[in-house]
Each structure stands twice: as C-alpha cells, then as structure tokens.
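# Tertiary structure, described
Here is how the chains run, residue by residue.
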Amino acid sequence: MHEFTPEVEAIADEILSYSLHRLKTDPPLDGPMSAEDLFAAVGNTITARGLGGQAALEVFTKVLAKACISTDHPRNLAFIPSAPSEYANLFDLVVGASALYGGSWQEGSGAVFAENQALRWLSDLAGLPDTAGGVFVQGGTMGNLSALVVARAEARKRWPETSRWAIACSREAHSSIASAAQVMDVDLLLVDPDSQGKLRGGAVASEIDAFHSRQSARIFAVVATAGTTNLGIIDDLTGLGRITKERDIWFHVDGAYGLAALCAPTLKPKFAGIEMADSFIVDPHKWLFAPFDACALIYREPRLARAVHTQHASYLDTLQDDDAWNPSDYAIHLTRRTRGLPFWFSLAAHGTDAYAEAMEATLHVAHEAAEKIRRHPNLDLVCEPELSVVAFTRRGWSAAEYQQWSDRLLADQVGFVPPSSHHGKPILRFAIVNPWTKVADVEAILATL
Ligand SMILES: *Cc1c(COP(=O)(O)O)cnc(C)c1O
C-alpha cells in the first residue's frame, strides 16, 4: 500500500488528469440517487481483497461522482454554494499530498505562518487590533461554538455566582447558534428583528434588561448576523456593539456568508461596527472562493481563547513550553488539516484586488437578477438584496408547486434552486457567490417561472 509501484504511477496519472479535467471544464450539475440505486450500480465496494485502483476509481468517476450535485456549477444557487478559484483548488491537491500538520507551530510553522497572514488580512478588513488572531476551523458551526465557549468562560469570571447562561440573538440567526446553545446547555433569548429583518441594538438592550430583571440566568453573548443565510440581511452591528460594551457582554459576529463582502469597497461601509466584535467568523468556503472546508475564526484577544481551548496532557505539554502559536489552542479541535492554505495560496497569488473584483462581479449579477425579477410578470422580490442573496416569490404557487418546480429544474439539469421560506411562506432564493454565474444563467432559470 505504501510503495509507489508502476500500477500506482498509472493511477496517479489518471487521478491527476481527472482532477484537471474537473477543474478545466464546466461540471455537469448532476443529482442525488437513492442508496438502493447506488448499491445496484456499484455493489459492496469494501472487500477483503480490494477492487484494485482502476476499478475503485471507475466506481467513483462513473457512478459516485455523478450522484453528487456540483456545488460550483454556475446555476447551482442553492443554500450557499461554493466557487473555489482554480488556484485554491489546485493548492488543495498540494495540501492533500503533503501530510501537513496544522495543529502546532512546532510541526507546521511554515503553513501556520501563511494561514495567519490570511487571517490577518480578514482581521484588518474588520478593523480589529494587530493583536487579534485565530484559526481556520472546519465550518461556521464549529467557529460559532468555539467562540461562544470562550465568551461564556469570560462571563463566568465576571459573574461567578451565575449558574444559568443565555445567548441573545435574532430570530433570523443561523441554526448553528441554536446548535451551539444546545451543545453548551445554555438558553437562547430570541429577539425580533425590525421590519427590515435587522436586529437592532435598542431592541436587544431592552430584551436583555427585561430578561435580567425577571430571572437569575445571565446573557453572556450577543450574536449579530452579518448577512443572514436566507436573505443576506446585515444586523445593526454598530448598535449591537455599543449595547454589549455598555453591559460588558461578549459581542460575536456571525459573518459566515456575508463578511466576505468586507473586501468589496462598495460594501464595506455596511459592516460598520464589526470593529467592536470580540470574535467573528467568515467562511472562505462560501463567498471567498476557497474549497470546503474552511471557516476563519478570529478573536480580538486570542489569549482568552487559548486559556479555554488548549488541551493539556503529558504528551502535549512539550508544545506549550514556549509561547508558540499553536492553532489547536484556539478552537475545539486538536489535529487539524491546514485547511486555510488553499485560501492563502489563491490570495497570495492573485492579490487582494482580484478578490474585490470577483466579489463585485457576483454583486453585479445579483443586482441584475433583482432587476429582472422586479420586471417579471409572475414574480415579486421579498426585499431589496443587501448582499448577493436574491429572494422572491412566485405569484399563486403553493408550497408543493415550488417544490415541484425545483425538482423539475434539477431533473432537467437547468439549475439547483430549492425552495426556502420566510415568515412561514414559501420563497425562492438565488445565492450568488460564483463569478461563473452570468446574467444569462439567471435568465435561463427565470424563464422557467
Ligand atoms: C453557513 C452559515 C453558518 C454555518 O457555517 P457552516 O460552515 O455551514 O458550518 C453559520 N452562520 C451563517 C450566517 C451561515 O450562513
């Protein structure tokens, strides 16, 4: 298994040429298959004697790969799709081939140094101090949880007599906040956003004060969303930042999707107030053109995270002997892939201006999409897009009709646009993060409505 035989050499050529072909050409959209159909097609692939490299590769390329929706297809506008740059994808191959260990400075200093420069760029865009820092974790869910665990540890120092804790966030906050609350066994104070869908400082302040006067539980963090997943709405970061400072409460900004737009000069002002964050996240695998899976988690004071997340054991203590920067110490993980490197490579190679341009290109398509929806006889915009999510409704359709349309769109390989809902009513949404997505792609989908 560990010898590079002529047979391995031949498979290596095939794997590399498959990978390059996948990168160079528009992938088909593809779609899911049932487990029964997949079994009928490939049978049991795990056997005592093995299928051989050639056969196993064909199982993947001919069957399994085609049962996976291409998240980078230009007409995949579902959830938040992905759009890795060519360089980022290529460098992922290098990371995979290099057995890099990203948990400690001792083992991965070169890679960690590069990841830290990429994190620094994000931190600087947000206006955090030079001492800010963090780590690339698996995804926004893990980033939010890791930050909130630090927030609670800080609150415990401040209010040692408190035994029950709660997080304040918008009703429109991402599901990962409720997941974090459940994992941490803390409560959620859900606050209604205003009529534009934005969580406001004033509303949160009065809800928090009322909450504290009626029970002994304390709010230890306010989570703002900088770009909601469903509609792309940015909460009032300035107002929320201010009321957290007044109350000495941790201010976490979940910008998994939206904070990418910090690098677009026309959008940066929308995020005013982000500089007050105690921690924030942004997923390069969403709108910063990196492959899965990479979330940048950044703390204003990383030493607070280190005090909470460092794992201690006889076999690990050697890592803590000096003041080295060990990425493991800043989130809930130990062994880690240097998952920030594909993002770093692309950023280093292309420069940050290219990011701003690519982002503006997606914003232009989102703007055009909104314009076409406004003029479409059967469609209504849910709201003016604040970022690159464009949400709309189809007049006269039931939830079942939305679903049927979406199923047909995928079956016909035109696009992937699953229905969502807003205030209990079905909606459609285009999440445009891919510079490959052109106005013509949007038109092709709108023509079916
Ligand atoms: C996608 C998203 C998350 C979760 O990120 P994952 O990388 O999918 O875990 C959290 N918050 C927001 C606002 C998101 O859009």
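Residues numbered from 1 in each chain as written. Predicted model: local features only at pLDDT ≥ 70, side-chain atom pairs only at ≥ 80, totals over all residues. Heavy atoms only, no water.

## Things to note about the nonpolar core
Counting residues in each nonpolar core, the largest one holds 63 residues, and the members touching the most others are Val253, Phe271, Ile274, Trp287, Phe343 and Met359. Residue assignment places this core across two domains, with domain 2 (93-350) and domain 3 (352-446) each supplying three or more. Apart from residues no more than four positions distant in its own chain, Met359 is found in contact with Ala260, Ala261, Cys263, Ala264, Trp287, Leu288 and Phe289. Counting 32 residues, the second-largest nonpolar core is a separate cluster that includes Ala147, Ala155, Cys295 and Leu304. (Core = buried A, V, L, I, M, F, W, Y, C linked by side-chain atoms within 4.5 Å. Buried < 20%, exposed > 50% of the residue type's maximum accessible area, 1.4 Å probe, protein only. Domains from an automatic or database assignment. Contact = heavy atoms within 4.5 Å.)

## With respect to the domain arrangement of the chain
The domain architecture assigned to the chain consists of domain 1 (6-30 + 32-68), domain 2 (93-350) and domain 3 (352-446). One C-alpha centre belongs to domain 2, the other to domain 3, and the line joining them spans 28 Å. Facing the 29 residues of domain 2 at the interface are 25 residues of domain 3. Buried area between domain 2 and domain 3, summed over both chains or domains, comes out near 2,200 Å², and the portion from carbon and sulfur atoms is 64%. Connecting domain 2 to domain 3 are two salt bridges. The closest approach of N and O atoms between Lys198 and Glu386, which form a salt bridge, is 2.8 Å. Per element, the largest residue contribution to the side of domain 2 that touches domain 3 is four residues, and it comes from helix H12 (residues 341-350). Here the residues of the side of domain 2 that touches domain 3 sort into 17 nonpolar, eight polar and four charged. (Buried area = accessible area lost by both parts, 1.4 Å probe. Salt bridge = Lys/Arg side-chain N within 4 Å of Asp/Glu carboxyl O. Helix = DSSP H or I, 4+ residues; strand = E, 2+ residues; numbered from the N terminus. Nonpolar A, V, L, I, M, F, W, Y, C, P; charged D, E, K, R; others polar.)

## Some words on the sheet that holds strand S8 (residues 379-381)
Within the open sheet, the four strands sit side by side as S8-S9-S11-S10. Their pairing is antiparallel. Unpaired on one side and paired on the other, S8 and strand S10 (420-422) mark the two borders of the sheet. Neighbour-to-neighbour, the strand axes of this sheet turn through a mean angle of 45°, independent of strand direction. Here S8 pairs with strand S9 (residues 389-394) via three bridges, running antiparallel. Note on S9: the bridge partner recorded for Leu381 is Phe392. (Pairing = 2+ DSSP bridges. Axes fitted to C-alpha atoms, helices over the stretch in contact; angles between N-to-C directions.)

## Digging into the packing of aromatic side chains
In this structure the tally under the stated criterion is 17 aromatic pairs. With centroids separated by 6.1 Å and ring planes inclined at 75°, the aromatic side chains of Tyr18 and Phe60 adopt a geometry described as edge-to-face. Taken together, the residues span a long stretch of sequence, with Tyr18 in helix H1 (residues 6-24) and Phe60 in helix H3 (residues 53-64) at a distance of 42 residues. Between the aromatic rings of Phe343 and Tyr355, the centroid separation amounts to 6.3 Å while the plane-to-plane angle is 85°, which identifies the pairing as edge-to-face. With a gap of 12 residues between them, Phe343 in helix H12 and Tyr355 in helix H13 (residues 352-375) connect regions that are remote in the sequence. With respect to burial, Phe343 and Tyr355 carry one shared label: buried. Across from the ring centre of Trp159, 4.0 Å away, lies the NZ or CZ of Arg218, which sits over that ring. (Phe/Tyr/Trp six-rings, centres within 6.5 Å; stacked < 30°, edge-to-face > 60°. Lys NZ or Arg CZ within 6 Å of the ring centre and 35° of its normal.)

## Some thoughts on the site of the ligand
Around the ligand, the structure places 14 residues, and the nearest of them are Gly140, Thr141, Asp254, Asp283 and Lys286. At a separation of 3.1 Å, an oxygen atom of the ligand approaches a polar side-chain atom of His285. Between Lys286 and the ligand, the recorded distance is 2.9 Å, taken from a side-chain N or O atom to an oxygen atom. In the complex, 87% of the free accessible area of the ligand, which totals 390 Å², lies under the protein chains. Within the residue set of the shell around the ligand, elements represented by two or more residues are helix H6 (140-158) and helix H10 (284-287). The element that contributes the greatest number of residues to the shell around the ligand is H6, accounting for three residues. Partitioning the shell around the ligand into residue classes produces two nonpolar, nine polar and three charged. (Near = heavy atom within 4 Å. Polar contact = N/O pair within 3.5 Å; in protein donor to acceptor, adjacent residues only side chain to side chain. Areas by Shrake-Rupley, 256 points an atom, 1.4 Å probe, with all protein chains shown as cover.)

## What about the sheet that holds strand S4 (residues 218-225)?
Spatially, seven strands are ordered S1-S7-S6-S5-S4-S2-S3 in an open sheet, and the strand pairing comes out mixed. What marks the edges here is a single partner per strand, and that holds for strand S1 (133-137) and strand S3 (187-191). Between one strand axis and the next, the sheet turns by 20° as a mean value, whatever way the strands run. Pairing of S4 with strand S5 (residues 250-254), which is carried by five bridges, proceeds in the parallel orientation. Looking at the pairing, Ala224 lines up with Val253 of S5. The strands touched by helix H9 (residues 237-247) within the sheet are S4 and S5, with S5 carrying the most contacts at an inclination of about 155°.

## Quick word on the pattern of salt bridges
This structure, assessed with the given rule, holds 29 salt bridges. With its nearest N and O atoms 2.8 Å apart, the salt bridge here joins Asp209 to Arg247. With Asp209 in helix H8 (residues 201-214) and Arg247 in helix H9, this residue pair connects regions lying 38 residues apart in the sequence. Here Asp329 makes a salt bridge to Arg306, at a shortest N to O gap of 3.7 Å.

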